[in-house]
Structure formats: structure tokens, C-alpha cells
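# Observations on the three-dimensional arrangement
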Amino acid sequence: IMGYWEYSGVELCVGVDDDGGPFNCSRALNRAFRKSTKPFIMQFGADCLPNTEAMAMAVNLMEYGTPWVPLFDRTDYYNEHATTQMLRGVDWAKLEVDENLAVPFQTGVLAMTREAFLETGGSDERFEGWGAEDSAFRMCLWRLNGGGTPLPFALRCLWHNNEHRILGEENLSLCQEYERIDNREDMLRYIEQRGSYV
């Protein structure tokens with residue numbers, strides 16, 4: 001899968017979490033950001049495939065002043081068999097996504113200017129384990145900048161076991177704090193009180 005990303009020509013910055021404990025996606029994203037040097041940031045999960053058309057459109061929008069862009073309006077997943085084939089070297093263009101696994105939205109794969117990312121203070125590292133950190137980060141960008149219309153593309157993702165996808169009460173409660181903020185000034189105040197992670 002790394003080969004597809006390397007071929008796309010982007011500056012590839014891989015973020016990792018500490019060993020032990022539940023995975024902290026926010027920490028990994030913030031670490032990836034610290035490695036970056038470009039004016040435009042695009043965050044993808046490790047199970048996502050690149051879409052150069054969506055990325056090029058986002059860059060064009062950001063070059064003309066749009067601070068952030070949701071890259072996709074839906075998510076298509078490959079099933080377990082197709083994912084296994086891909087990991088064995090079969091070209092993903094020859095494999096079909098599984099229509100039964102598709103969802104009509106996409107939350108965390110976003111493009112933004114470097115300045116927009118910095119203003120958020122980074123992804124909130126208080127989220128531990130699976131879920132809701134991407135929703136909170138997206139709400140943060142939205143309250144700070146407005147906009148946020150997704151581009152008309154499907155994100156393509158690899159299959160993986162979903163047993164870990166259980167939203168804990170702490171993550172849910174934390175995400176609800178972001179949901180209650182309804183303007184730019186209050187979001188900036190919340191970030192200042194919460195603290196920056198970048």
C-alpha cells in the first residue's frame with residue numbers, strides 16, 4: 001500500500017503512537033504533522049488509498065483561499081478477500097469494492113492549510129482508543145472556518161476487523177463538548193483552555 005502513496009508524489013509523513021495502551025489516533029496525526037514541511041496538509045488513515053484527483057482539487061481550492069476541505073462524501077470498502085489480494089500485490093484498480101460495506105459519508109480524511117491545522121491546536125489527544133476524535137477535529141475546523149462541503153469522491157479503504165470499533169463513554173462525552181460549541185470565539189477559547197498539541 002505504501003507504494004501507491006509513494007507513487008502519488010505527496011510528502012508522506014507517517015505518524016505513530018506509543019507502544020502499550022489503546023491506540024491514540026490523535027497523537028499519531030499530530031506526530032505526522034510535525035514531520036510535514038508543506039503548506040497543505042492531508043490526513044488519511046493507514047487503511048486508506050490515495051485519490052490524486054480529489055487531492056488535486058483540494059489543493060486548487062486551498063490555493064484560492066479555502067482553509068479546509070473534506071476530501072470525500074462517501075466511503076467504499078474492499079472486502080476481506082480483495083484486501084488480501086491487494087496486500088499480495090494485485091493492483092487495486094483490478095479489484096472491486098464491496099457495495100454491501102459502503103457508507104454514505106466520510107469523516108476524518110481532510111485537507112487543510114498548515115495555518116488552519118495550527119489554529120486547531122492539533123487533534124485532541126485526550127481521545128483514547130477508537131472513535132470520535134475525527135468528528136471533534138472536523139467540528140473544530142468547521143467552527144473556526146465555516147465551509148466544509150465534501151468533494152464528490154469516494155474514499156477507498158481496506159477491510160479490517162471491526163471488533164475494536166466500540167465508542168467508549170469518555171470519547172463520546174468529549175466529542176459532545178465539541179458539539180456544544182457553536183461559534184469561532186468559543187472554539188478558540190475552548191482550544192486555549194484545553195491546550196495545544198502541536
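Residues numbered from 1 in each chain as written. Predicted model: local features only at pLDDT ≥ 70, side-chain atom pairs only at ≥ 80, totals over all residues. Heavy atoms only, no water.

Let's shift gears to the environment of Thr 37. Mapped onto the elements of the fold, Thr 37 is located in the loop between α2 (25–35) and β1 (40–43). As for Thr 37 and Cys 13, which are separated by 24 residues in sequence, their C-alpha atoms are 9.5 Å apart. Apart from the residues within four sequence positions on either side, Thr 37 is in contact with Glu 11 and Arg 114. At a separation of 2.6 Å, a polar atom in the side chain of Thr 37 contacts the side chain of Glu 11. (Helix = DSSP H or I, 4+ residues; strand = E, 2+ residues; numbered from the N terminus. Contact = heavy atoms within 4.5 Å. Polar contact = N/O pair within 3.5 Å; in protein donor to acceptor, adjacent residues only side chain to side chain.)

A few words now on the packing of aromatic side chains. Taken as a whole and judged by the stated rule, the model has 7 aromatic pairs. Consider the rings of Phe 33 and Phe 117, whose centres lie 4.0 Å apart with planes at 15 degrees: the pair is stacked. Placement of the pair is Phe 33 in helix α2 and Phe 117 in helix α5 (residues 114–120), with a sequence separation of 84 residues. In this structure Phe 33 comes out as buried when scored by relative accessible area, which is 7%. On the accessibility criterion, Phe 117 (1% relative accessible area) is buried. (Phe/Tyr/Trp six-rings, centres within 6.5 Å; stacked < 30°, edge-to-face > 60°. Buried < 20%, exposed > 50% of the residue type's maximum accessible area, 1.4 Å probe, protein only.)

A separate point is unusual backbone geometry. Of note in this structure, Ala 132 is not a glycine but carries a positive phi near 85 degrees. Structurally, the position occupied by Ala 132 is in the loop between α5 and α6 (133–145). Judged by relative accessible area, Ala 132 falls into the buried class, the value being 12%.

A separate point is the sheet that holds β1. Overall, antiparallel pairing links the 3 strands, which are arranged β1-β5-β2 in an open sheet. Whereas interior strands pair on both sides, the edge strands pair on one side only; in this sheet they are β1 and β2 (68–70). Neighbouring strand axes in the sheet, compared pairwise and without regard to direction, differ in orientation by 15 degrees on average. As paired elements, β1 and strand β5 (residues 110–113) share 4 bridges and run antiparallel to each other. Across the sheet, the residue bridging to Met 42 is Ala 111, located in β5. Of the strands in this sheet, β1, β2 and β5 touch helix α3 (residues 52–63), which is tilted by about 145 degrees from β1. (Pairing = 2+ DSSP bridges. Axes fitted to C-alpha atoms, helices over the stretch in contact; angles between N-to-C directions.)

Here we come to helix α4 (residues 80–87). Among all positions in α4, only Ala 82, Thr 83 and Met 86 are buried. Each buried residue of α4 sits inside an arc of 100 degrees when the element is viewed along its axis, so together they form one side. Residues of α4 that are exposed and angled more than 90 degrees away from the buried face: His 81 and Leu 87. In this fold, the buried residues of α4 make contact with α1 (2–8). (Arc of directions from axis to C-beta.)

What follows deals with α2. Of all the residues in α2, the buried ones are Ser 26, Arg 27, Ala 28, Leu 29, Asn 30, Ala 32 and Phe 33. The inward-facing, buried residues of α2 contact β1, α5 and α6. Its side-chain oxygen at 3.2 Å from the backbone nitrogen of Ser 26, Asn 24 defines the N-terminal cap of α2.

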